[in-house]
Amino acid sequence: MEHVTIDQIRGDLQDSFEPLMKKYNIDDIGTFEEEGPEDDYYIGYTVRKNGRVYMVHMPFAKTDEGQLELARQEWTVETDDPTDEDISGFPTIDAVFEQLFKKA
């Protein structure tokens, strides 16, 4: 599997901010990063829309050299509400936002 640096992933995410904000009418977007147990590392977006905050991320494994390797091609959504359960299994970021922001 391909190893990439955290800075490379962060740069790719930042390059997508403006198009995602326009496409989904997002109020604010930034990067999300969290180190988990062992070599687990989660990186993705923090998104704010309509007063709600979502952390949308993918799982990576951190190598001994500090690079990341994608663990699964699967986006997970967490919210700022501790009573909400995480939602996993999204194959693309568009699938995430289409589910979160679908018109009622």
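Structure: above.
The shown structure was predicted, so the numbers you read here are calculated from the model rather than taken from an experiment.

Participant: Where do I start with the overall build of the chain in this structure?
Facilitator: Secondary structure assignment for the chain yields three helices and six strands. Counting from the amino terminus, helix and strand elements in the chain follow one another as α-α-β-β-β-β-β-β-α. Against the globule reference of 13 Å for 104 residues, the chain gives a C-alpha radius of gyration of 14 Å, in line with a compact fold. Residues counted as buried form 36% of the 104 residues belonging to the chain. In the chain, 35% of the contacts between residues at least 6 apart in sequence involve partners at least 24 apart. Taken as a whole, the chain presents about 6,500 Å² of accessible surface, with 45% of it coming from carbon and sulfur. For the chain, the distance from the average site of its 10 positive side-chain charges to the average site of its 25 negative ones is 11 Å.

Participant: I keep staring at the nonpolar core and nothing clicks. Help me out?
Facilitator: What tends to happen in soluble globular proteins is that the nonpolar side chains get buried as a cluster. Among the nonpolar cores identified, the biggest contains 25 residues, and Tyr 45 and Phe 97 are the most heavily contacted of them. Discounting residues that sit within four places of it in the chain, Phe 97 has contacts with Leu 20, Tyr 24, Ile 26, Val 47, Val 56 and Lys 102.

Participant: It is not clear to me how the environment of Glu 78 should be interpreted in this structure. Could you clarify?
Facilitator: Along the polypeptide, Glu 78 turns up in strand β5 (residues 75–79). For the pair Glu 78 and Asp 28, spaced 50 residues apart in sequence, the C-alpha separation works out to 16 Å. Ignoring any residue separated from it by four or fewer positions in sequence, one finds Glu 78 in contact with Val 53, Tyr 54, Met 55, His 57 and Asp 86. One polar contact links Glu 78 to His 57, side chain to side chain, over a distance of 2.7 Å.

Participant: Whenever I open this one, unusual backbone geometry confuses me. Can you help?
Facilitator: Backbone geometry follows two general trends: most residues other than glycine have a negative phi, and most peptide bonds adopt the trans configuration. Residue Asn 25 is not a glycine yet carries a positive backbone phi of 55°. Not every positive phi belongs to a glycine, and Glu 38 is a case in point at roughly 60°. In this fold, Glu 38 is placed in the loop between β1 (28–35) and β2 (40–49).

Participant: Hey, could you run me through the pattern of salt bridges in this one?
Facilitator: Any two side chains of opposite charge can pair, so long as their charged atoms come close to each other. Evaluated as defined, the whole model comprises seven salt bridges. Glu 33 is the salt-bridge partner of Arg 10, the closest N and O atoms lying 2.7 Å from each other. You can see Arg 10 sitting in helix α1 (residues 6–15) and its partner Glu 33 sitting in strand β1, a full 23 residues away along the chain. Given the relative accessible area of 24%, Arg 10 is considered partly exposed. Judged by its relative accessible area of 30%, Glu 33 falls in the partly exposed class. Between Lys 23 and Asp 94 there is a salt bridge, with its nearest N and O atoms 3.2 Å apart. On the criterion of sequence distance, the pair formed by Lys 23 in helix α2 (residues 17–24) and Asp 94 in helix α3 (residues 93–100) is long-range, its members being 71 residues apart. Of the residues examined, Lys 23 reaches a relative accessible area of 53% and is grouped as exposed. Members of the salt-bridge network, linked through shared partners, are Asp 7, Arg 10 and Glu 33.

Cut-off values and rules
Residues numbered from 1 in each chain as written. Predicted model: local features only at pLDDT ≥ 70, side-chain atom pairs only at ≥ 80, totals over all residues. Heavy atoms only, no water. Helix = DSSP H or I, 4+ residues; strand = E, 2+ residues; numbered from the N terminus. Rg over C-alpha atoms; globule rule 2.2 N^0.38 Å. Buried < 20%, exposed > 50% of the residue type's maximum accessible area, 1.4 Å probe, protein only. Contact = heavy atoms within 4.5 Å. Areas by Shrake-Rupley, 256 points an atom, 1.4 Å probe, with all protein chains shown as cover. Lys, Arg positive; Asp, Glu negative; His and termini not counted. Charge placed at Lys NZ, Arg CZ, Asp CG, Glu CD. Core = buried A, V, L, I, M, F, W, Y, C linked by side-chain atoms within 4.5 Å. Polar contact = N/O pair within 3.5 Å; in protein donor to acceptor, adjacent residues only side chain to side chain. Salt bridge = Lys/Arg side-chain N within 4 Å of Asp/Glu carboxyl O.

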